[in-house]
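Topology and contacts: notes
Residue-level listing of the chains:
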Amino acid sequence: MKSISGKKLCSIVEKKGWILKKITGSHHIYQQAESTQILSIPVHANKDLKIGTLKALMKIADLTEEDL
């Protein structure tokens, strides 16, 4: 799996219906309207996310590798 940046992941989850609730420091906090599930994406300039972090966020957001 190829890693992507936090900025890129933010744009992907926004297309999937996640709504940006707030930005705390370098973390963008997303939530879905029909769910209480929260997604916290670290955005550090254009640095790629670590693979483990990316996989965990993808699992919460119900994303597949094809979505990336």
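What you see is a predicted model; the values in this text were computed from it and never measured.

About the criteria used
Residues numbered from 1 in each chain as written. Predicted model: local features only at pLDDT ≥ 70, side-chain atom pairs only at ≥ 80, totals over all residues. Heavy atoms only, no water. Pairing = 2+ DSSP bridges. Helix = DSSP H or I, 4+ residues; strand = E, 2+ residues; numbered from the N terminus. Axes fitted to C-alpha atoms, helices over the stretch in contact; angles between N-to-C directions. Contact = heavy atoms within 4.5 Å. Buried < 20%, exposed > 50% of the residue type's maximum accessible area, 1.4 Å probe, protein only. Arc of directions from axis to C-beta. Salt bridge = Lys/Arg side-chain N within 4 Å of Asp/Glu carboxyl O.

To summarise the sheet geometry, strands pair through backbone hydrogen bonds and adopt either a parallel or an antiparallel arrangement. Spatial strand order, E1-E2-E3: three strands in an open sheet with antiparallel pairing. Of all strands in the sheet, those bounded by a partner on one side alone are strand E1 (18-24) and strand E3 (38-42). Shown here is a sheet whose adjacent strand axes are inclined to one another by a mean of 30 degrees, direction ignored. By the bridge criterion, six bridges tie E1 to strand E2 (residues 27-32) in an arrangement that is antiparallel. Residue pairing in the sheet places Ile 23 in a bridge with His 28 of E2. Contacts from helix H1 (residues 6-15) reach E1, E2 and E3, with the element oriented near 150 degrees to E3. Contacting E1 and E3, helix H2 (residues 51-61) runs over the sheet at an angle of about 155 degrees to E3.

All buried positions along H2 are accounted for by Leu 54, Leu 57, Met 58 and Ala 61. Along the axis of H2, the buried positions cluster into a sector of 105 degrees, meaning they face one direction only. Along H2, exposed side chains directed more than 90 degrees from the buried face belong to Gly 52 and Lys 59. Against the buried residues of H2 lie H1, E1 and E3.

A few words now on the pattern of salt bridges. Scanning the entire structure with this criterion turns up one salt bridge. Put simply, Asp 67 and Lys 16 hold a salt bridge, and the shortest N to O gap is 3.3 Å. Separated by 51 residues along the polypeptide, Asp 67 in the segment after H2 and Lys 16 in the loop between H1 and E1 bring together distant segments of the chain. Taking the relative accessible area as the measure of exposure, Asp 67 reaches 26% and is therefore partly exposed.

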